[in-house]
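Below, each chain spelled out in residue letters.
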Amino acid sequence: MIRVPELIERKRDGGELSPDELAELMLGYAKGEIPDYQLAAFCMAVFFRGLSSAETYALTDALIRTGETVDLHGALGRKVVDKHSTGGVGDKTSIAVGPIVAACGVPFGKMSGRGLGHTGGTLDKLESIPGFRVELTTQEFIDQVRSVGLAIVGATANLVPADKKLYALRDVTATVDNYSLIAASIMSKKIAGGADAIVLDVKVGDGAFMKARADAERLADVMINLGRRASREVVAVISNMDDPLGHAVGNALEIREAIATLRGEGPEDFVQLVVEASTQLLALSDLGVPRDEARSRVDQAIADGSALAAYERWIGAQGGKPDEAALPTAPVIRKVIAPRAGYVQSLGAVQVGNAALHLGAGRRDKDDQIDHAVGVLCLKKHGDAIATGDALAEIHARDMASAAAAADEVLGAYEVGDEAPREHSVILDVITA
Ligand code: URA
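Please read all numbers here as calculations on a predicted model, not as lab measurements.

Orientation of helix 3 (residues 36-49) relative to helix 9 (residues 161-171), taken along the N-to-C sense of each, is 70°, at an axis distance of 10 Å. One way to sum up the angle between helix 3 and helix 9 is to call them roughly perpendicular. Regarding helix 3 and helix 9, the two cross each other, and that crossing is right-handed. Touching D36, L39, A40 and C43 of helix 3 are L166, L169 and R170, all from helix 9. Across the contact of helix 3 with helix 9, the residue classes break down as five nonpolar, no polar and two charged.

Below, the discussion takes up the sheet that holds strand 7 (residues 332-337). Through backbone hydrogen bonds, the strands of a sheet pair up, either in parallel or in antiparallel fashion. Strand order in the open sheet formed by four strands is 6-9-11-7, with antiparallel pairing between adjacent strands. Each end of this open sheet is capped by a strand with a single partner; those strands are strand 6 (248-249) and strand 7. The pairing of strand 7 with strand 11 (residues 391-397) spans six bridges and is antiparallel. Bridge pairing links K335 to E394 in strand 11. Running at roughly 25° to strand 7, helix 17 (residues 400-413) makes contact with strand 7, strand 9 (375-378) and strand 11 of the sheet.

Look at V160: it is not a glycine, yet its phi comes out positive at around 45°. Residue placement: V160 occurs in the loop between strand 3 (150-154) and helix 9. For V160, a relative accessible area of 0% puts it in the buried group. Even without glycine at this site, A174 takes up a positive phi of about 55°. The class of A174 is exposed, set by a relative accessible area of 55%.

Per the domain assignment, the segments making up the chain are domain 1 (4-64), domain 2 (72-324) and domain 3 (328-417). On the domain 2 side, the residues contacting the 20 residues of domain 1 number 24 residues. Here domain 1 packs against domain 2, burying approximately 2000 Å² in sum over the two surfaces, 76% of which is carbon and sulfur. Of all residues in domain 1, Y29, Y57 and L63 bury the most surface against domain 2, accounting for 31% of the area lost on that side. Here domain 1 and domain 2 share zero salt bridges between them. Put simply, domain 1 and domain 2 have two residue pairs in polar contact (both at pLDDT 80 or more) between them.

This part takes up the environment of R422. Relative to the elements of secondary structure, R422 occurs in the loop between strand 12 (414-417) and strand 13 (427-431). The exposed category is assigned to R422, whose relative accessible area is 76%. Note: C-alpha distance between R422 and H382 (40 residues apart in sequence) is 9.3 Å.

Once that is clear, we can look at the sheet that holds strand 12. Spatial strand order, 10-8-12: three strands in an open sheet with antiparallel pairing. A single partner strand is all that each edge strand has here, and the edge strands are strand 10 (385-386) and strand 12. Both strand 8 (residues 342-347) and strand 10 contribute to a ladder of two bridges, which runs antiparallel. Among the inter-strand pairings, Y343 is bridged to a residue of strand 10, identified as A385. Packing against the sheet, helix 17 makes contact with strand 8 and strand 12, and its axis sits at approximately 45° to strand 12.

Below, the discussion takes up the pattern of salt bridges. This structure, assessed with the given rule, holds 26 salt bridges. Among the salt bridges present, the one from K189 reaches D163, with a minimum N-O distance of 3.0 Å. A residue pair is termed long-range when its members are at least 10 positions apart, and K189 in helix 10 (residues 179-193) and D163 in helix 9 qualify at 26 residues. The network of salt bridges with shared partners includes E6, R10 and E21.

In the vicinity of the ligand, the contacting residues are Y167, R170, I182, S185, I186, K189 and F209. S185 is positioned such that a nitrogen or oxygen atom in its side chain is 2.6 Å from a nitrogen atom of the ligand. In this structure, an oxygen atom belonging to the ligand sits 2.5 Å away from a side-chain N or O atom of K189. Within the complex, 92% of the 240 Å² of free accessible area of the ligand lies under protein. For the shell around the ligand, the secondary structure elements donating two or more residues are helix 9 and helix 10. Tallied by class, residues from the shell around the ligand come to four nonpolar, one polar and two charged.

Our next topic: the nonpolar core. Of all hydrophobic cores here, the largest spans 79 residues; its most connected members are L126, Y311, W314, V376 and I395. In terms of residues, this core owes the most to one element, helix 13 (residues 268-284), which gives eight residues. Taken domain by domain, the makeup of this core includes at least three residues from each of domain 2 (72-324) and domain 3 (328-417). The contact partners of L126, leaving out residues within four places of it in the chain, are I95, F132, I152, I255, W314 and I315. Listed in part, the 64 residues of the second largest apolar core include L7, L166, Y179 and A183.

What counts, and where the lines are drawn
- Residues numbered from 1 in each chain as written.
- Predicted model: local features only at pLDDT ≥ 70, side-chain atom pairs only at ≥ 80, totals over all residues.
- Heavy atoms only, no water.
- Axes fitted to C-alpha atoms, helices over the stretch in contact; angles between N-to-C directions.
- Helix = DSSP H or I, 4+ residues; strand = E, 2+ residues; numbered from the N terminus.
- Parallel < 35°, antiparallel > 145°, perpendicular 65-115°, else oblique.
- Left-handed = near helix turned anticlockwise from the far one by under 90°.
- Contact = heavy atoms within 4.5 Å.
- Nonpolar A, V, L, I, M, F, W, Y, C, P; charged D, E, K, R; others polar.
- Pairing = 2+ DSSP bridges.
- Buried < 20%, exposed > 50% of the residue type's maximum accessible area, 1.4 Å probe, protein only.
- Domains from an automatic or database assignment.
- Buried area = accessible area lost by both parts, 1.4 Å probe.
- Salt bridge = Lys/Arg side-chain N within 4 Å of Asp/Glu carboxyl O.
- Polar contact = N/O pair within 3.5 Å; in protein donor to acceptor, adjacent residues only side chain to side chain.
- Near = heavy atom within 4 Å.
- Areas by Shrake-Rupley, 256 points an atom, 1.4 Å probe, with all protein chains shown as cover.
- Core = buried A, V, L, I, M, F, W, Y, C linked by side-chain atoms within 4.5 Å.

In structure tokens, the structure reads:
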């Protein structure tokens, strides 16, 4: 039996823990035998001392072993792909990528999470679709990936249960932003979720965990290595999260933008990321196609309507109404007006994310209810020329008072200058094993 204070002390003093010790620690925590306060001290020791790569792998493995694992490959007899983002503002990428990949004949199975704070969660966005069920049993999840080629569901309570507790604990003990802990948390869920090949969208910038590119690349490396040790192929796309992705921030607004993208009418930065992630997934899949061919299949699926048809099949299979007209709309729409002419130098992702959160699009606390109709449409973005009186953004709100407060917040997120800023691409790098 491990002595937890001794493990905390060893890590605090820069020592190393064995795989068995980490396994006992996580199992004991998942079962409620080891209290939060000891894990909080342990996470803080890790925060300052770090984990070696052997320890990071052992922690990932230990987390996985606290719950069930899904064998999608065994069940389907085929390679299944998945995509994950480290979290951003306006990030509805998976909702467009899943149907594109499925339309190209590659099974896509994703277990997803909810949003907390200024970043939104894929499940919350999907729940703005009337009737859509995110809570499928593991068997329903597998059956749907087999029959429809695509499922995005909430992780079952028993998928990496130790991470659920640990993530909530890290959130309130200032121990989230550590490479090893983030990598183990994300990769344990991805590995347990059963996909063979995973594209990770590692965000960097104002609205991301990682503020500097070098940090995002390091996180990507750690996750790619964890994937390799678990026999999963992982590619990381490093993407810019200084400004919100696309125009829409807020649940139903983001679903509309994902649908527009599947129709070939998406905003440029979002389309670039969706196309890159989809291309990488096809290149990793069992289609056996090189990158150029993968890219042309992705373009074709959008152009010929098959990606949109895959979206409709998927939403219908999970009980939702795929028709855009069924999505909720906000009763108040208020424009944010440019007080001066110039060029948008930057649009702070965190501020826009917080404005959406204050409108009710997100949760401050994990039990908060979400208002799916509200949010922000950023009509002008980085580099756009504006004239005095132009609409910079649209606030979709439940009432006038919350619209006015959000309009002030969003106006504060715009930095306008006289010169056009240097162009920046949403995709900063692609890292393969
Ligand atoms: N997302 C996760 O799932 N875990 C982390 O630690 C950070 C982001």
